[in-house]
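For reference, the chains in residue letters:
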Amino acid sequence: MSQLDGVISLAQDTPELAQAYEQAGVLQFHHGKFLIGPLALQAGDHVLDIGAGTGRLAEFAAGLVGPSGRVIGIDPLEYRIAIARLRQSATLSFETGRAEDLSRFDDGAFDAVYLNSVLHWIEDKGQALKEIQRVLKPGGRLGLNVQDPAKPHESRALLRTAIQEAGLGDRRAESHPVLGVGDDDLRRLLTEAGFAEYRSDLRSLVEVHRDADSLLRWSEASAFGNFLGGFSETERAAVRLAFTGLLETKRVADGLRLERYLRFAFARKPNARPGRAARSN
Ligand SMILES: C[S@@+](CC[C@H](N)C(=O)[O-])C[C@H]1O[C@@H](n2cnc3c(N)ncnc32)[C@H](O)[C@@H]1O
């Protein structure tokens, strides 16, 4: 499927983008720690990291579950999994795979599953969440963070203005095709997938980028080739120029200060109902 359709493509990643993500992905790592903190991972837990990227957060999670635990990271992008595998250990492994098809895992295989900045890339969120519910143990925990369409990142809003300034205003929607989800829809999707105890909050995360080039490199790497994907080279150059100018309004002493907004959500697979014998006691 081509990016001209405005649909997210998993076929545009390159070894260079994957390497750039590994270098700059520490930004996602920081908010990833906010995500797995409330999951209260314990020694011996079995954990699935979906959309693990180059594996930095999964490696951190493996430290939390210790030698008796197990962390598996999956991601559809082979170049990212190749880098993640450099982190592999006796208790940490990585495989290529997508959230929508977890058929390689048994029912109830995991104590916790998390998705750090991943759900807004997934088209069939209902299918992915049903699969996650299936592979969780009864009582198992889910944590995720996702872009909320009601509160786009500051950089995204500026990019749309830049597209306009470059004379391509009718194509503003193609800036960066993420599929965010708001609170009500997320609650509904999780409930339909069989989760309970949903809670979520929208958080603001401040980032300081050295300059416009480093922000653009980061945006390209984290969007694995989908950033301005439908534009020609000439159009892209015009947008980048306008974007660089607009970013000057965000300059502080250390660089460019931008806010990103992510909805953090947590839920649980309900515990198994007590059997007939237990109920009659
Ligand atoms: C912004 S990166 C986040 C990577 C990682 N979670 C981290 O914290 O650094 C988004 C990741 O979602 C992955 N992704 C996209 N579509 C996916 C899908 N359908 N199932 C699982 N992962 C997916 C991408 O391949 C990419 O590595």
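The shown structure was predicted, so the numbers you read here are calculated from the model rather than taken from an experiment.

The rules behind each value
Residues numbered from 1 in each chain as written. Predicted model: local features only at pLDDT ≥ 70, side-chain atom pairs only at ≥ 80, totals over all residues. Heavy atoms only, no water. Phe/Tyr/Trp six-rings, centres within 6.5 Å; stacked < 30°, edge-to-face > 60°. Helix = DSSP H or I, 4+ residues; strand = E, 2+ residues; numbered from the N terminus. Buried < 20%, exposed > 50% of the residue type's maximum accessible area, 1.4 Å probe, protein only. Lys NZ or Arg CZ within 6 Å of the ring centre and 35° of its normal.

Chemist: I'd like a description of the packing of aromatic side chains, backed by residues and values.
Modeler: For the structure shown, the criterion picks out 4 aromatic pairs. When the centroid spacing of 5.6 Å and the interplanar angle of 20° are considered together, the rings of Tyr21 and Trp218 count as stacked. Taken as a pair, Tyr21 in helix 1 (residues 15–24) and Trp218 in helix 8 (residues 212–222) lie far apart in primary sequence, 197 residues in all. Judged by relative accessible area, Tyr21 falls into the buried class, the value being 13%. For the pair Phe29 and Phe60, a centre-to-centre distance of 5.7 Å together with 85° between the ring planes defines the contact as edge-to-face. Of the two residues, Phe29 is situated in helix 2 (residues 26–36) and Phe60 in helix 3 (residues 56–65); the sequence distance between them amounts to 31 residues. One residue, Lys151, lies across the ring of Tyr261, its end atom 4.4 Å from the ring centre. One cation-aromatic arrangement involves Arg203 over Phe264; the distance from NZ or CZ to the ring centre is 4.2 Å.

Chemist: With reference to specific residues and values, describe unusual backbone geometry.
Modeler: Phi is positive for Phe224, which is not a glycine, with a value near 40°. Phi is positive for Leu228, close to 55°, though the residue is something other than glycine. Among the structural elements, Leu228 can be located in the loop between helix 8 and helix 9 (233–247).

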